[in-house]
Amino acid sequence: MKINLGYPGKLFDTPEPPTLLVKKIVAAIFFVSLCAYLVYPLLHRWIGLPSRIEIALTGAVASIQVLVGAMYVFRRHLSIAFAALDTHNKCSAQAKCIRENYHQTVSDLSQYNAVLGSQLQEASIQTETAILGVIGRMANIHHQTCSQIDRIGSSSERSMELIAVTQDHIHKNQQVIQALNAFSGSQVEQLTDNLLRIEKLSEGMEQMRPMVEDISAIADRTKLLALNAKIEAARAGEAGRGFAVVAEEVRNLSVQTHKLAQDIADRITRVAGQALAETENARQKMASNEDAEKFKNMAGNMSSVEGRFKAAATHLEDIIKGVEGANRVIVEEVSIVLGEIQFQDILRQRLEQVNTGLEFQSGFAKQVQLWLEGSAELPATGLSAHLDELKEKYVMQEQRTTHNSVLGVHTPACGSNNKIELF
Amino acid sequence: MAKTIMVIDDSATMRLSLKSTLELNGFKVECAGDGVLALNQLKAGVKPDLIITDINMPNMGGLEFMKNLRALPGFRFVPVLALTTESKQEKRDEAKKNGATGWLVKPVTGPDLVKVIKQVLPGA
């Protein structure tokens, strides 16, 4: 809505003195008098007017001359009188114009202030609605973050438990590996002992070999003895027949003994060879120490896994702690923002004060209008006095500071500056 | 058991802001728009452990509410915190005279408010 606050033309123009008009009138009268003087003898000669008319005309001309003379003498006063009359007429018109414009202005001002007030109120309501939405969302964020912190806390506890359990398992596995390593060591020792015993047995068996050879030699001699006995039996003839049978049996026995001795010797050789081969094989394996190496590798791998697991667990713990810390910061920030949002209430109160001022301004303008129209008294409270009243109604120190800074007045301190005070 | 706090303020923003902050800190919250409504709630059986009230409110302001509250049986020693934009020392002194426990100037952040409440309400 466009409101015209201007006024048409100049309100208080000073009228120019009408000297030119007076001069024109004097000149006109002078001209008329001159004409009358010229025309009068002609009229008298041509028409022959009666003497009464001549006297009347002469009187009229004389009156006009006197009037002209008087106007000339009092031309300044006449000029002022005309100017005053003109000013009066103009002022009346201007006063009428002012009243009409002021009436329009007051009407517009009320509407203007009503619009501004309504806009402020609407803005306040809109801010409040928006802020209520923001608070709702903030509360939701706060709630979600708190839940997240709880979940992270729970997850962290579970992770720590898992890490502890896994570390315990790794520790136990290492103990098992150590036990197996020790067992492997004892097995090696036992094997070494067994090998020594086998070697001794083998040596024992090798020591049996001469005995077998002795048996074989005895068998050979027995065989030779049996042959000699058989020869002697043949010499003895019939009497040595029985002896020959015995000699034959002895020979058979010696042959069998020889075979048996040979068989034992072969077997001793074979068994001793096998024992030596197995012993050698076992020695070589012992020398390579493969199992112990495997166990050592396993233990090493296990330690490496434990190291990596510990590093991963530490990293995970750091991440969890970081997220938890960040979430706590978010919760705190949201909590602070929820408090800061209270500015809307402060803004609302300040806008209400402005609205009160606008309403007063409208009422004041109406009262002034009525006073100008002569239908009411001049308002008892002026704008200046109302400013003081407004100042008294302020609740915030900031309102007073703003007020005083506009008026160029120092703002005194308001007592306790503590934002929080417990009695 | 969660402590109950009554919030009295004519501003919906303040009521919701305080309610959210306090509930998130584990308190149970009851709200009222002015002193008259708050007294009605108290007479109807609401038993808050702490009251947070604004000072400048329509119908009944915080100072008058405190006077009426102390006259109610069972509410003589309930702690009352004034939370307001009011900065005049006379009002602060009057609140103290009427039985207020503390005076807080808006805006007050959540952590600060909770800190004060824990001071006023041991075990909260």
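The sections below set out a description of the structure shown in this document. Keep in mind the model is a prediction, meaning the values are calculated, not measured.

Moving on, we get to the sheet that holds strand E2 (residues 28-32) of chain B. The strand order across the open sheet built from 6 strands is E1(A)-E5(B)-E4(B)-E3(B)-E1(B)-E2(B), with neighbouring strands paired in mixed fashion. At either margin of the open sheet sits one strand with a lone partner, and together these are strand E1 (420-422) of chain A together with E2 of chain B. On average, each strand axis in the sheet is tilted by 15 degrees relative to the strand beside it, whichever way the strands run. Inspection of the sheet shows strand E1 (residues 4-8) of chain B paired to E2(B) by 5 bridges, in the parallel sense. The residue bridging Met6(B) from the neighbouring strand is Glu30(B), located in E2(B). Sitting on the sheet, helix H1 (residues 12-24) of chain B touches E1, E2, strand E3 (50-53) and strand E4 (80-84) of chain B, and the angle it makes with E2(B) is about 170 degrees. In this fold helix H3 (residues 62-71) of chain B packs onto E1, E3 and E4 of chain B, with an angle of close to 155 degrees to the strand it touches most, E3(B).

At the interface, 37 residues of chain B touch 35 residues of chain A. In this assembly, chain B packs against chain A so that about 3100 Å² is buried in total across both faces, 58% of it on carbon and sulfur atoms. At the junction of chain B and chain A, the tally comes to 3 salt bridges. Two residues, Glu421(A) and Arg92(B), come together in a salt bridge whose shortest N-O distance is 2.6 Å. If one sorts the elements of the side of chain B that touches chain A by residue count, H1(B) sits on top with 9 residues. Classifying every residue of the side of chain B that touches chain A gives 15 nonpolar, 14 polar and 8 charged. Here 3 bridges tie E1(A) to strand E5 (residues 102-105) of chain B, and the two strands are oriented antiparallel to one another. Its bridge partner lying in E5(B), Glu421(A) is registered against Trp103(B).

On to the pairing of E4(B). Residue and element names in this part refer to chain B. Counting buried positions along E4 yields 5 of 5 residues, so the element is predominantly enclosed. In E4, alternate side chains face the same way, and those of Val80, Ala82 and Thr84 on one face and Leu81 and Leu83 on the other are all buried. Of the pairings in the sheet, the one linking E3 to E4 comprises 3 bridges and is parallel in character. Bridge pairing in E4 links Ile52 to Leu81. Between the parallel pair E3 and E4, the chain is carried across by H3, and the sense of this crossover is right-handed. As paired elements, E4 and E5 share 4 bridges and run parallel to each other. Residue Thr84 lies in a different strand from E5, and its bridge partner there is Val105. Each parallel crossover has a hand, and for E4 linked through helix H4 (residues 89-97) to E5 it is right-handed.

What counts and how
Counting starts from 1 at the beginning of each chain's written sequence and moves along it residue by residue. Think of it this way: whatever chain is written first is A, whatever ligand is written first is 1, and the rest follow in order. Selection of residues for local features in this predicted model requires a pLDDT of at least 70, selection of side-chain atom pairs for listing and counting requires 80 or more, and totals for whole chains, interfaces and linings are taken over all residues. The basis for the side-chain values is all heavy atoms of the structure; hydrogens and waters are excluded. DSSP calls a pair of strands paired once it identifies at least 2 bridges connecting them. A run of H or I in DSSP counts as a helix once it spans at least four residues, and a run of E counts as a strand once it spans at least two, with each numbered from the N terminus. Between N-to-C directions, angles span 0 to 180 degrees; the directions come from axes that are lines fitted to C-alpha atoms, helices contributing only their stretch in contact. Two residues form a contact once any of their heavy atoms are found within 4.5 Å. Here the buried area means the combined drop in accessible surface, using a 1.4 Å probe, for two parts upon being joined, counting both sides. Here, a salt bridge means any Lys or Arg side-chain nitrogen found within 4 Å of an Asp or Glu carboxyl oxygen. Under the scheme applied, nonpolar residues are Ala, Val, Leu, Ile, Met, Phe, Trp, Tyr, Cys and Pro; charged residues are Asp, Glu, Lys and Arg; polar residues are all the others, including Gly. Summary of the burial criterion: residues with accessible area below 20% of their type's maximum are buried, those above 50% are exposed, and those between are partly exposed, where the area comes from a 1.4 Å probe applied to protein chains only. Seen with its strands pointing away from the viewer, a crossover is right-handed when the path leading from the first strand over the helix to the second is clockwise.

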